[in-house]
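Structural features, examined
If you want the building blocks of each chain, they are given just below.
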Amino acid sequence: MKNDRRNFIKQAGTLTGAAATISLLDMLSFENVKAASSRIQNLSPKDAARDEDFWFTVQQAYTVSSEIINLNNGGVSPQPLVTQNALDRYVRICNEGPAYYMWSVLGNGRENVRNKLAELAGVSAEEIAINRNTSEALETVIFGLDLKAGDEILTTNQDYPNMMNAWNQRVKRDGLKLTTISIPVPPKDLSEIVDVYRKAITPKTKIIHVSHVIFMTGQIMPVREIADMAHEKGIEVICDGAHSFAHLDYKISDLHCDYFGTSLHKWLCAPFGSGLLYVKKEKIEKLWPLLGAPKDFSTTDIRKFEHLGTRSFPIELAIGNSIDFHNGIGSKRKEERLRYLKNYWAEKVVRFPKVKFNTSLMDNQSCAICNFTIEGMEPAKIHEELFSKYKIYTTTITHDEFKGVRITPHVYTKIKDLDFFVSAVEKIAKG
Ligand SMILES: Cc1ncc(COP(=O)(O)O)c(C=O)c1O
């Protein structure tokens, strides 16, 4: 036992991979998922999405409660057991001598996590800052950009409130102008969305702030097309990737944006309070950090955005375990399973009278997240009935132009739970 612990500490000190810290039990669940993946390696991701034996193995890697059916994974997602246990072990090690184990041992493992994140994101590790969430990432950008009175920021009225608050603070403080456009819900095709942005650009537009996946509806946005159009006009692009990272199979570099932020506690299933900021290499120098960096700190070093002071190294290190788990499933397989789960319930529910969708079911417009409503019923009432009568947990979305209930399954969601949800909606819709 003592030896095991000593070995773990030794491994943590020279941490080269999160697998180095996996216990035998975790190893079994992690290995089960890996073995199940290799069993279906000849299946296309679309076919693998329907292989219930494979997904059963994935479901077993989570510890979710049977008390409720959680269909609000968009808010925050659970961690697989392998991550929970790693986090627990990191915390225990830190408590054996915090200043030593945190700063001298675990802290060294951060660079390994940065490398893993960079590989997953398809960008350089020197463009990735590890932080706590999307809000921290994007507000670092919003407050760090040199902008002057009269400069215009273009965004939609469906982007996330935290970031809109930050922009509004700059409007008040620095005299910027925030233009919020309305996008169709749902659009016929993605070019309709690009056109709305194109028409709203003025000679004073300096920044376009765009969500990759709209949190209200799950709408996938044509970020690359918007970014290419913006760059032709010398406009920089900030992408809110809270709902797309480790949900859709893509690389940040595919998006052509200048700045990107995401929360790893959403689709990656990393510990609560973990996120990343991406800044394109050539933009790092001019972006001010939110928390002051030392004077002699190289201004082109991405680590200047990490001067948070004492923070949770256990949370940061356990991100690596979630990346391993995610890679064990495979990004494309995960995307196809999530889309399959959404289509599974949505294609049944859409046939019920009075049910309407605020989300397009086209593959290029949505994946796991979908927003529906029942005509003549307030979303709060639908949400309340789903929970009080069926213990199905969802969330409501109320916007000036549309409203509904947002449903987000995750990789651990069981088909029989979706069947139960479908029958609950049918009963509610029939009154
Ligand atoms: C699109 C979008 N951006 C940002 C956030 C904020 O995420 P966090 O609270 O992790 O900072 C959310 C949260 O749901 C979101 O949906």
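For the structure, check the block above.
Now for a look at the structure at hand. It should be emphasised that the depicted structure is a prediction, and the values quoted were computed from it without experimental measurement. (Residues numbered from 1 in each chain as written. Predicted model: local features only at pLDDT ≥ 70, side-chain atom pairs only at ≥ 80, totals over all residues. Heavy atoms only, no water.)

**Description of the overall build of the chain**
The helix and strand inventory of the chain stands at 16 helices and 13 strands. Taken against the 2.2 N^0.38 rule, which gives 22 Å for 431 residues, the C-alpha radius of gyration of the chain at 22 Å falls within 12% of a compact globule. In terms of principal-axis extent, the alpha carbons of the chain reach across some 65 × 55 × 40 Å. Per-residue burial over the chain gives 57% buried out of 431 residues. Sequence separation of at least 24 residues holds for 72% of the intrachain contacts in the chain that already meet a minimum separation of 6. Of the roughly 18,400 Å² of accessible surface on the chain, 52% is carried by carbon and sulfur atoms. (Helix = DSSP H or I, 4+ residues; strand = E, 2+ residues; numbered from the N terminus. Rg over C-alpha atoms; globule rule 2.2 N^0.38 Å. Buried < 20%, exposed > 50% of the residue type's maximum accessible area, 1.4 Å probe, protein only. Contact = heavy atoms within 4.5 Å. Areas by Shrake-Rupley, 256 points an atom, 1.4 Å probe, with all protein chains shown as cover.)

**Topic: the packing of helix α15 (residues 379–390) against helix α16 (residues 415–430)**
At a minimum axis distance of 11 Å, the contact between α15 and α16 shows a crossing angle of 120°. By the angle between their directions, the pair α15 and α16 is classed as oblique. Where α15 crosses over α16, the handedness of that crossing is right-handed. Here α15 contributes I382, E385, L386 and Y390 to the contact with α16, which in turn contributes F420, F421, A424, V425, K427 and I428. (Axes fitted to C-alpha atoms, helices over the stretch in contact; angles between N-to-C directions. Parallel < 35°, antiparallel > 145°, perpendicular 65-115°, else oblique. Left-handed = near helix turned anticlockwise from the far one by under 90°.)

**A closer look at unusual backbone geometry**
Residue P186 follows V185 across a cis peptide bond; omega there is -20°. Even without glycine at this site, A246 takes up a positive phi of about 65°. Backbone geometry places H256, a non-glycine residue, at a positive phi of 60°. Locating H256 in the fold gives a position in the loop between α12 (252–255) and β7 (259–263).

**So, the sheet that holds strand β4 (residues 177–181)**
On the basis of which strands lie adjacent, the open sheet formed by 7 strands has the order β2-β8-β7-β6-β5-β3-β4 and mixed pairing. Here the strands that pair on one side only, and so sit at the sheet edges, are β2 (128–131) and β4. Geometrically, the sheet is characterised by an average inter-axis angle of 15° between neighbouring strands, direction not taken into account. The sheet contact formed by strand β6 (residues 236–240) and β7 spans 3 bridges and is parallel. The partner of I238 across the bridge, within β7, is Y259. The sheet contacts of helix α8 (residues 134–144) involve β2, β5 (205–211), β6, β7 and β8 (275–279), and relative to β7 the element is tilted by about 160°. In this fold helix α11 (residues 223–232) packs onto β5 and β6, with an angle of close to 175° to the strand it touches most, β5. (Pairing = 2+ DSSP bridges.)

**A closer look at the side chain of S244**
With respect to the secondary-structure elements, S244 resides in the loop between β6 and α12. At a separation of 2.7 Å, a polar atom in the side chain of S244 contacts the side chain of H212. Residues in contact with S244, not counting those within four places in the same chain, are H212, V213, Y250 and F260. (Polar contact = N/O pair within 3.5 Å; in protein donor to acceptor, adjacent residues only side chain to side chain.)

**Some details on the site of the ligand**
Neighbouring the ligand are the residues N133, T134, S135, Y160, M163, F215, D240, A242, H243, S263, H265 and K266. When the ligand is considered free in solution it has 390 Å² of accessible area, and contact with the protein chains removes 89% of it. Residue classes in the shell around the ligand are distributed as 4 nonpolar, 6 polar and 2 charged. (Near = heavy atom within 4 Å. Nonpolar A, V, L, I, M, F, W, Y, C, P; charged D, E, K, R; others polar.)

**Comments concerning the packing of aromatic side chains**
Applying the stated criterion across every chain yields a total of 14 aromatic pairs. Where F54 meets W55, the ring centres are 4.7 Å apart and the plane angle is 80°; that geometry is what we call edge-to-face. Each member of the pair, F54 together with W55, is buried. The interplanar angle of 75° and the centroid separation of 4.9 Å between the aromatic rings of Y160 and F215 together place this pair among those described as edge-to-face. Of this pair, Y160 sits in the loop between β3 (152–156) and α9 (161–174) while F215 sits in the loop between β5 and α11, and the two are 55 residues apart along the sequence. The exposure class assigned to Y160 is partly exposed, which follows from its relative accessible area of 34%. On the basis of relative accessible area, F215 is assigned to the buried category, the value being 15%. Chaining the aromatic ring pairs together yields one cluster made of W345, F357, F372 and F421. Looking at R333, its charged tip hangs above the ring of F54, at a distance of 5.9 Å from the centre. Sitting over the ring of Y344, K348 keeps its end group 3.6 Å from the ring centre. (Phe/Tyr/Trp six-rings, centres within 6.5 Å; stacked < 30°, edge-to-face > 60°. Lys NZ or Arg CZ within 6 Å of the ring centre and 35° of its normal.)

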